[in-house]
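# Tertiary structure, described
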Amino acid sequence: MSGQSITDRIAAAQHSMTGSAISKAVCKATTHEVSGPKKKHLDYLIHCTNEMNVNVPQLADTLFERTTNSSWVVVFKALITTHHLMMYGNERFMQYLASRNTLFNLNNFLDKGALQGYDMSTFIRRYSRYLNEKALSYRLVAVDFTKMKRGVDGVMRTMNTEKLIKTLPIIQNQLDALLDFQANPNELTNGVINAAFMLLFKDSIRLFAAYNEGVINLLEKYFDMKKNQCKDALDIYKKFLYRMTKLSEFLKVAEQVGIDQGDIPDLTQAPSSLLEALEQHLASLEGKKTKELSADNRANTLSNAVSSLSNTGMSFSFSSSRMDEKEKQQALEEEQARLQALKVGYNLSHYFLMPNLNSDLFDLQPAFVPAVQSTPISTASSAWGGVSLSFFSGYDALGDLMKPTVTVHTQAPVMASHTGSKLLANDLDSSLANLVGNLQFGGTPGKKSDMWTQPGEKKLTGGTNWQSKTMSSTTAWSPAPAPMAFPMTTPQVPVYGMVSIMGGVPVMTQQPMLYNQPVLRPTNPFNPIPGAQVHTQTH
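Residues numbered from 1 in each chain as written. Predicted model: local features only at pLDDT ≥ 70, side-chain atom pairs only at ≥ 80, totals over all residues. Heavy atoms only, no water.

In the annotation of an unreviewed UniProt entry, the protein is listed under the name Phosphatidylinositol-binding clathrin assembly protein and assigned to Cyprinus carpio carpio. Annotation of the protein in UniProt includes, under Sequence similarities (unreviewed entry), the sentence "Belongs to the PICALM/SNAP91 family." (UniProt positions renumbered as here; feature names shortened; annotations may be inferred.)

## Topic: the overall build of the protein
Tallying secondary structure elements over the protein gives 13 helices and six strands in all. Considering the protein as a whole, with its 539 residues, one finds that 39% of them fall into the buried category. Put simply, of all contacts in the protein between residues at least 6 apart along the chain, 75% involve residues at least 24 apart. Carbon and sulfur atoms provide 55% of the accessible area of the protein, an area that totals close to 30,700 Å². (Helix = DSSP H or I, 4+ residues; strand = E, 2+ residues; numbered from the N terminus. Buried < 20%, exposed > 50% of the residue type's maximum accessible area, 1.4 Å probe, protein only. Contact = heavy atoms within 4.5 Å. Areas by Shrake-Rupley, 256 points an atom, 1.4 Å probe, with all protein chains shown as cover.)

## Observations regarding the packing of helix α5 (residues 72–88) against helix α9 (residues 191–220)
The N-to-C vectors of α5 and α9 enclose an angle of 30°; their axes lie 10 Å apart at closest approach. Taken together, α5 and α9 sit at an angle that is classed as roughly parallel. Crossing handedness for the pair α5 and α9: left-handed. For the pair α5 and α9, the contacting residues are Trp72, Val73, Phe76, Lys77, Ile80, His83, His84, Met87 and Tyr88 in the first and Val192, Ile193, Ala195, Ala196, Leu199, Leu200, Lys202, Asp203 and Arg206 in the second. In terms of residue class, the contact of α5 with α9 is built from 12 nonpolar, two polar and four charged. (Axes fitted to C-alpha atoms, helices over the stretch in contact; angles between N-to-C directions. Parallel < 35°, antiparallel > 145°, perpendicular 65-115°, else oblique. Left-handed = near helix turned anticlockwise from the far one by under 90°. Nonpolar A, V, L, I, M, F, W, Y, C, P; charged D, E, K, R; others polar.)

## With respect to unusual backbone geometry
Look at alanine 142: it is not a glycine, yet its phi comes out positive at around 60°. One can find alanine 142 in the loop between α7 (117–141) and α8 (161–179). Taking relative accessible area as the criterion, alanine 142 reaches 55% and is therefore assigned exposed. A positive phi angle is found at glutamine 182, which is not glycine, with a value near 50°. In this structure, glutamine 182 sits in the loop between α8 and α9. You can call glutamine 182 partly exposed: its relative accessible area is 45%.

## Quick look at the pattern of salt bridges
Pairs can form between side chains of opposite charge once their charged atoms are near each other. For the structure on display, the rule yields 10 salt bridges. Ionic pairing is found between lysine 134 and aspartate 203, a salt bridge with its closest N-O pair at 3.3 Å. One end of the pair, lysine 134, is in helix α7; the other, aspartate 203, is in helix α9, with 69 residues separating them in the sequence. In this pair, the class of lysine 134 matches that of aspartate 203, namely buried. A cluster of three or more residues bridged by salt bridges with shared partners is formed by Lys134, Asp144 and Asp203. (Salt bridge = Lys/Arg side-chain N within 4 Å of Asp/Glu carboxyl O.)

## Some remarks on the packing of α5 against α7
Where α5 meets α7, the closest approach of the two axes is 10 Å, and the angle between their N-to-C directions is 25°. If you check the angle between α5 and α7, you find them roughly parallel. Note that α5 runs across α7; the crossing there is left-handed. Each of Trp72, Val75, Phe76, Leu79, Ile80, His83 and Met86 in α5 lies in contact with α7, whose residues at this interface are Gly117, Met120, Phe123, Ile124, Tyr127, Ser128, Tyr130, Leu131, Lys134 and Ala135. Within the contact of α5 with α7, the residues separate by chemical class into 13 nonpolar, three polar and one charged.

## Focus on the environment of proline 37
Within the secondary structure layout, proline 37 lies in the loop between α2 (21–29) and α3 (39–49). Ignoring any residue separated from it by four or fewer positions in sequence, one finds proline 37 in contact with Ala29, Leu42, Lys77, Ile80 and Thr81.

## A word on the side chain of aspartate 111
Looking at the secondary structure, you find aspartate 111 in the loop between α6 (91–99) and α7. No salt bridge is formed by the buried aspartate 111; the nearest opposite charge belongs to lysine 112, separated by 9.6 Å. Excluding residues within four positions of it along the chain, aspartate 111 makes contact with Ser70, Ser71, Trp72, Gly117, Tyr118 and Ser121. (Lys, Arg positive; Asp, Glu negative; His and termini not counted.)

## Quick look at the confidence of the model for the protein
For the protein, the average pLDDT comes to 74, and 62% of its residues sit at 70 or higher. Within the model, pLDDT remains below 50 along residues 354–401, and this stretch shows 82 contacts once partners closer than five positions in the same chain are excluded. Low pLDDT, under 50, characterises residues 442–459; the predicted model gives this stretch 18 contacts beyond four residues in sequence or across chains. (pLDDT = per-residue confidence, 0-100.)

## Some remarks on the packing of aromatic side chains
Within this structure, the stated rule accounts for 11 aromatic pairs. On the numbers, 5.1 Å between centres and 80° between planes, the contact of tyrosine 211 with phenylalanine 240 is edge-to-face. Of this pair, tyrosine 211 sits in helix α9 while phenylalanine 240 is found in helix α10 (residues 227–256), placing the two residues 29 residues apart along the sequence. Members of the aromatic cluster, each reached through a chain of ring pairs, are Phe208, Tyr211, Tyr237, Phe240 and Phe316. (Phe/Tyr/Trp six-rings, centres within 6.5 Å; stacked < 30°, edge-to-face > 60°.)

Structure follows, in structure tokens:
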């Protein structure tokens with residue numbers, strides 16, 4: 001099976017709909033595709049472990065849920081993802097795994113439906129045991145051996161005797177679980193098991209470096225220990241020699257599968273004379289008659305053994321540091337590549353999608369041109385208490401309803417005039433009448449009593465493209481007259497923001513200004529205005 005299956009796509013879509021980005025990333029990292037988890041998904045999950053608002057138990061439980069899948073590919077990739085987060089994720093992830101009583105219960109896992117199901121199921125069981133042992137080691141000592149400080153002043157070199165004797169067996173158990181993976185070069189045939197083997201190789205280098213430093217510390221303190229401590233230390237050293245042999249075989253496999261030779265450390269065996277010296281010292285403490293070495297010979301033997309193990313430790317530390325530097329350099333190059341891609345994408349988008357700042361969409365402060373700046377001002381008294389009704393001149397019956405215009409107000413009313421192609425009315429009723437005429441409701445002109453035109457006058461409006469013609473000397477059209485003034489006893493209503501002209505300059509009048517509130521008019525806007533003067537036209 002290659003590529004993402006339909007099940008993977010459906011699961012990712014479900015997590016997208018539910019808004020669970022972590023579950024979606026886990027699903028993407030553990031697809032049915034026979035290859036290692038993609039780095040972008042692993043990096044995202046690592047980032048999630050460093051975020052304080054991310055639920056780490058939910059992340060871990062999602063990975064555990066993926067291990068219950070029947071496909072060996074999904075289960076193996078879930079284990080690899082978990083191992084990757086244990087190595088490079090925040091320590092909170094490891095702490096949660098260590099707090100659980102059980103992690104992976106895959107001792108009986110077997111995939112019978114896939115081509116490589118039987119072979120890969122064996123490695124899945126071994127791999128899960130190592131991850132369980134790794135979490136158990138953290139629970140017992142509260143430290144990850146692959147991340148602890150190394151060197152002369154490292155954790156293992158400065159540990160006291162009692163704690164050292166208790167800690168070294170824990171490292172031994174974890175290393176045993178790692179070396180039990182036992183993959184041959186001809187079995188590393190797909191990207192999934194290769195990804196797991198690479199993580200195990202990195203862990204083996206760092207884990208054995210800590211193990212080696214602990215043994216060096218143990219040997220330096222051996223001849224000063226009590227009898228029971230010497231017995232335990234001798235047993236630890238014998239197991240250490242056996243694990244060195246198994247580790248050398250593991251490193252040979254790593255060399256055969258293409259791992260860089262510079263990343264594989266050199267193993268230097270301690271002289272066999274050291275083991276004899278340790279056994280003779282323990283026998284002497286137990287009261288047995290043996291040939292005990294002199295103090296000088298014993299010191300020389302111990303010095304040679306420590307020197308050999310120190311060289312091994314330096315080789316492992318160098319390999320570990322080199323791998324760390326490679327990972328940092330690779331991460332830096334990838335980050336630079338992403339930044340360069342973002343810069344290129346920004347430049348292209350800036351070139352092709354440059355907004356036109358001269359467009360009306362970006363004109364946040366349009367220039368408001370007064371519609372009646374050139375209108376002559378009449379000195380006749382206003383029929384509405386001295387306040388002009390020309391604020392209705394901003395209303396355009398031909399379509400520009402929402403376009404504001406600034407008008408000039410004085411105590412005298414302003415008579416509307418023909419400017420361009422717009423016919424401005426004196427009040428709302430005449431504007432509505434013009435609008436109805438433009439829309440041609442009914443298709444025929446209204447009756448004489450319903451129209452505000454002179455007898456025999458033709459309709460002067462003809463739609464949005466209508467323009468006024470020059471008035472002849474015999475026929476003069478004038479707008480509807482302003483309504484008559486009402487008694488001063490009418491309630492006064494304040495009007496804010498009215499503009500007046502003082503000295504030829506429009507200024508804001510003092511607030512509030514009052515105008516006479518008109519009485520209610522007939523509901524029909526086309527009837528004559530009550531109380532309006534009758535205008536007659538003579539021919």
